[in-house]
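# Topology and contacts: notes
So the chains spell out like this:
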There are 2 protein chains.
Amino acid sequence: MNKLVSQREDFSAWYNNIVLRAGLADYAPVKGCMVIRPYGYGIWENIQSILDKMIKSVGVQNAYFPLFIPESFIHKEKEHLAGFSPELAVVTYGGGKELEEKLVVRPTSETIINAMFSKWIQSFRDLPLLINQWANIVRWEMRTRLFLRTTEFLWQEGHTAHSTHDEASEMTLTMLSIYRDFMQNSLSIPVICGKKTSSQRFAGALETYTLEAMMGDCKALQMGTSHDLGQNFSRAFDITYQTKENKLEYVWQTSWGVSTRLIGAVVMVHGDDDGLVLPPVIAPIQVVIIPIWRGDEKGKIMEAVISLKKRLRDTTGASGLPLRVYVDTREEFTPGFKFNDWEMKGVPLRIEIGPRDIENSTVTIARRDERTRTTVKNSQALDSVVKTLDEIQGNLYLRAKRFMEGNTYTVNDWNQFKQKTGFVLSHWCGSTECEANIQSETNMTIRCIPMDGEEENGSCILCGKPSNRRVVFAKAY
Amino acid sequence: MNKLVSQREDFSAWYNNIVLRAGLADYAPVKGCMVIRPYGYGIWENIQSILDKMIKSVGVQNAYFPLFIPESFIHKEKEHLAGFSPELAVVTYGGGKELEEKLVVRPTSETIINAMFSKWIQSFRDLPLLINQWANIVRWEMRTRLFLRTTEFLWQEGHTAHSTHDEASEMTLTMLSIYRDFMQNSLSIPVICGKKTSSQRFAGALETYTLEAMMGDCKALQMGTSHDLGQNFSRAFDITYQTKENKLEYVWQTSWGVSTRLIGAVVMVHGDDDGLVLPPVIAPIQVVIIPIWRGDEKGKIMEAVISLKKRLRDTTGASGLPLRVYVDTREEFTPGFKFNDWEMKGVPLRIEIGPRDIENSTVTIARRDERTRTTVKNSQALDSVVKTLDEIQGNLYLRAKRFMEGNTYTVNDWNQFKQKTGFVLSHWCGSTECEANIQSETNMTIRCIPMDGEEENGSCILCGKPSNRRVVFAKAY
């Protein structure tokens, strides 16, 4: 294995190194694809389980739609076609024969789902129709990075149909706020919510809302999106319903999604030069217990270890689920090696039990986030573990928030603008031309027009024309 | 909607009708593909959640491998290639360009997973490696049927690597027994376990174990398989490990899987002429409450309904999870219509609350399986519901077992053999030629060489040569 590169030296090399060495993912034999290894998939399972409950709590039901989309469907909504055409993987042979109509491997499922919606929706009684699916997605990518941009990735995509535009808009915002809660409370990642500019909108949407987070190198990552689709797809796929007044109208729609990219965000927001740092809520292992013995102390120590493991597993953490505990009994490694190994894997808490702990009825608890070690009475171990896991969850969020705020600048001057790294709040006149020129000169894009930004008169950072609101600029993944 | 066809009239038309009308699935725009609708997907989610825990209980971890497999990988194990070639879907274009190497959409993941195993496995310390994935699979099928045989389906596939053949064989049987328990206890479906004959083995396996169930038309359905792969794939993909004695050896492997086909089995084993009959353990809705009122009784009745719903949802069923309860408040339908509707959907228990129930502090409970109705005191409703759901689960299993046993015949005479419908236990000499001739004359295949069958001397049902064991013949899906 290579020596670990530090974040400061080369953030991108650091990232790849951590993902591989912590066992989150591996490169697949097919260019641009990844294998999600058990430890990385364990994070995804925790993400799924929490988010799935949140999505269902607003009445959405899961379903499953086909992987293959007839090529003609992609052509039905013209902005959608233009947006996705360069990224498509196409099946031309099936069962040994050339296909009459080529099949596109889904780059997103608006078209196939809406083809079904047009069949299922007849009357106002069928609305709202609120559907989600957990699925794999393929977008042919030239430059790929594990979790952040791969040819195949996993995600959830919600698709809803409503009788009014107001209701659809509200759904778009409800999902945005579910995503924000999830990112802040489960991933400990602060996000800025806002609208995308027209040039960055989802292909076929009236309005795209985004959640943007700051990574450890001060670049932005788009964490998820929620789209107000208006009637663009319902017109293209002829999805109409009979109103109470017996009129035929097109439905109003939304779609929204987050993907395995979130795992990359967790790595880049919380990780440090020693490896991953995982928020307890999504950590596959929340507590690792390392027995430390020499010679004949093993029996007594393992007895204490196993009893503690059992007590911890019988305890429910903040999630209401049993604590996830692992005992590292490998005999071929020293305790020191194991400490490093579990720090690399970002396990929030490490408990050491050695001969002195047995003597004194204590255990030693080490926090991954702050690198502190404390010794507590064995009888208080449970309380201490539950409390400390909660503290870590909150501390990671606050740390990330401070980092984001410390690297966010309000800038009114073009020369200053060009020198900043981080989130830059500046005025923008609203023209696509200025947006493009700013990007080509600085590599910064408008991440969003923030929703909680106040109105403020100012002038465009590039052209000087009037503007009534600052937007968020940043270099982005 | 068409009138329901009875099972007796046309089992196959009955099946399609039920699947569509109960809202389990729908035909997709792509030939041979299906859409799994929320009600059907809800069954799949319950199957996943129970089976996933069982699989993890023996130390298996989930991971995710790519959808696309380089065409050359499929060619590495020659029996595997021969078995799957006719069924492959092939991607030839990606990102607007013709690909240098074509990509096969996974028909099963042995090849791609073993390519990774050869990278991950170095020493005896890396073994056993026990991996499972939940994924979509594509096999180009000519004649398709919703859930039973579709071009794309969902499944789990386990792949393991071991240091000895004994350990791998044991794993094959462990998974077989997990599947059997799951099918009998969660799906209420009795199964016959046994080995496949060499002509019916998985392409590349030393030995294939199968679980066979009898459907309502007396035909067999293969419910799942568990394969002892020997060293066929480890030799093809060069998966070696260093033993404790520093020798290099090939690993021994297994693979095993069940799919969304299980949903089709539940329909065909338990369903009747009025629709689905779902085992409570996997039913998306276990109890439906139907308020019955005229005029101004609504307030009082809804109060009782909501209070009962709350009490039921706070109760845990046999699974340890809260009961899944739904209240049907639709005002556009009569109670009679709703009864039929929920019977079609196979909800195990229906609770009716009407004016007389309020007067007498009772509720009326109707069982879907036996079509019985009983009135119980409101105060005993909870106990009664939990107890009755358990009874239904057990009753469905016994009913299916009786049906299977009643349609299983021990036959020694070729003329009788040709007339039987069901499972036929007969002697077979062991030759592939006899097996093929029996199939071409009767359309019956050897479902398995049963594991719990006793040794018995006899003579082959076709050629009369000696045989020491009966095998299970049946027409199959």
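First, a word on what this report is: a plain description of the structure on this page. Just so it is clear, the structure is predicted and the values come from calculations on it, not from any experiment. (Residues numbered from 1 in each chain as written. Chains lettered and ligands numbered in written order. Predicted model: local features only at pLDDT ≥ 70, side-chain atom pairs only at ≥ 80, totals over all residues. Heavy atoms only, no water.)

## Let's talk about the pairing of strand β14 (residues 252-259) of chain B
Residue and element names in this part refer to chain B. Within β14, 7 of the 8 residues are buried, leaving the element largely enclosed by the surrounding structure. Judged from the 8 bridges that link them, strand β8 (residues 152-162) and β14 form a sheet pairing that is antiparallel. Looking at the pairing, Gln156 lines up with Val258 of β14. (Buried < 20%, exposed > 50% of the residue type's maximum accessible area, 1.4 Å probe, protein only. Helix = DSSP H or I, 4+ residues; strand = E, 2+ residues; numbered from the N terminus. Pairing = 2+ DSSP bridges.)

## A short note on the pattern of salt bridges
Opposite charge on two side chains makes pairing possible when the charged atoms of those side chains draw close. Inspection of every chain in the model, using the stated rule, returns 55 salt bridges over all chains. The partner of A:Arg330 in a salt bridge is A:Asp328, and the shortest N-O contact between them spans 3.0 Å. Owing to a relative accessible area of 26%, A:Arg330 belongs among the partly exposed residues under this scheme. Among the salt bridges present, the one from B:Arg447 reaches B:Glu212, with a minimum N-O distance of 2.9 Å. Of the two residues, B:Arg447 is situated in strand β22 (residues 445-450) and B:Glu212 in strand β10 (residues 207-214); the sequence distance between them amounts to 235 residues. Given the relative accessible area of 4%, B:Arg447 is considered buried. The class of B:Glu212 is buried, set by a relative accessible area of 1%. (Salt bridge = Lys/Arg side-chain N within 4 Å of Asp/Glu carboxyl O.)

## A few points about the state of the cysteines
Following the criterion strictly, the structure yields 0 disulfides over all chains and no others. Looking at A:Cys33, it has no disulfide partner, and the nearest cysteine sulfur is the one in B:Cys33, 20 Å off. B:Cys218 takes part in no disulfide bond, and the closest cysteine sulfur, belonging to B:Cys448, lies 17 Å away. (Disulfide = S-S within 2.5 Å.)

## Considerations on the relation of the copies chain B and chain A
Overlaying chain B with chain A gives an RMSD of 0.0 Å, the required rotation being 180 degrees about an axis along which the chain moves by 0.0 Å. Both copies of the chain, as the preceding transformation shows, are related through a two-fold rotation axis. Closest approach to the rotation axis within chain B is made by the C-alpha atom of B:Val91, at a distance of 2.0 Å. Taken together, the interface assignments show that 100% of the residues at the interface of chain B recur at the interface of chain A, consistent with an identical surface on both copies. (Least-squares fit on C-alpha atoms with pLDDT ≥ 70 in both. Contact = heavy atoms within 4.5 Å.)

## Thoughts on the nonpolar core
In this structure, A:Phe68, A:Val105, B:Phe68 and B:Val105 are the most contacted members of the largest nonpolar core, which totals 85 residues. If near-sequence neighbours (up to four positions away) are discounted, A:Val105 is found in contact with A:Leu67, A:Phe68, A:Ala89, A:Val91, A:Val138, B:Leu67, B:Phe68 and B:Val91. (Core = buried A, V, L, I, M, F, W, Y, C linked by side-chain atoms within 4.5 Å.)

## Section: the sheet that holds β10(B)
Think of a sheet as strands paired side by side through backbone hydrogen bonds, with each pair either parallel or antiparallel. All names here are of chain B. Pairing is mixed across the open sheet formed by 11 strands, whose spatial order is β3-β7-β8-β14-β11-β10-β9-β22-β25-β21-β20. Looking along the sheet, the strands with just one partner apiece sit at the ends: β3 (61-62) and β20 (408-410). Sheet topology note: the β10/strand β11 (residues 220-230) ladder contains 8 bridges and is antiparallel. The partner of Tyr209 across the bridge, within β11, is Ser226.

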